[in-house]
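Remarks on the overall topology
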Amino acid sequence: MSQEDIVYFEQRAAQEKQAAAKAGCTEARQAHLMLASVHGQAAERERLLIQERRPLADPAEQS
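Residues numbered from 1 in each chain as written. Predicted model: local features only at pLDDT ≥ 70, side-chain atom pairs only at ≥ 80, totals over all residues. Heavy atoms only, no water.

So, the pattern of salt bridges
Pairing is possible between side chains that carry opposite charge, provided their charged atoms lie close to one another. For the coordinates displayed, the defined rule picks out three salt bridges. Across the salt bridge formed by Arg-47 and Glu-10, the nearest N and O atoms sit 2.1 Å from each other. Placement of Arg-47 in helix α2 (residues 26-53) and of Glu-10 in helix α1 (residues 3-22) is noted, with a sequence separation of 37 residues between them. Overall, Arg-47 belongs to the partly exposed group, its relative accessible area being 29%. A relative accessible area of 36% places Glu-10 in the partly exposed class. (Salt bridge = Lys/Arg side-chain N within 4 Å of Asp/Glu carboxyl O. Helix = DSSP H or I, 4+ residues; strand = E, 2+ residues; numbered from the N terminus. Buried < 20%, exposed > 50% of the residue type's maximum accessible area, 1.4 Å probe, protein only.)

So, in structure tokens, the structure goes:
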């Protein structure tokens, strides 16, 4: 997983939000909004995974 994955998920979320705005029926609008939410959650999950993988700063280096 990488920054590219985050960008992808954010783009997909935006596309689904646009599709929801154009949807002609309630069910389609809800489906697009659900997919937008899932993609947004995936982007956030990727951000958290990247943060977890970062090495913690050595306290000796901060002095």
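There is more to say, and it comes next.
Brief notes about the side chain of Glu-16
Among the secondary structure elements, Glu-16 is positioned in helix α1. Look at Glu-16 and you get buried, because its relative accessible area is 7%. Beyond its immediate stretch of four places on either side in the chain, Glu-16 contacts His-32, Leu-35, Ala-36 and His-39. (Contact = heavy atoms within 4.5 Å.)

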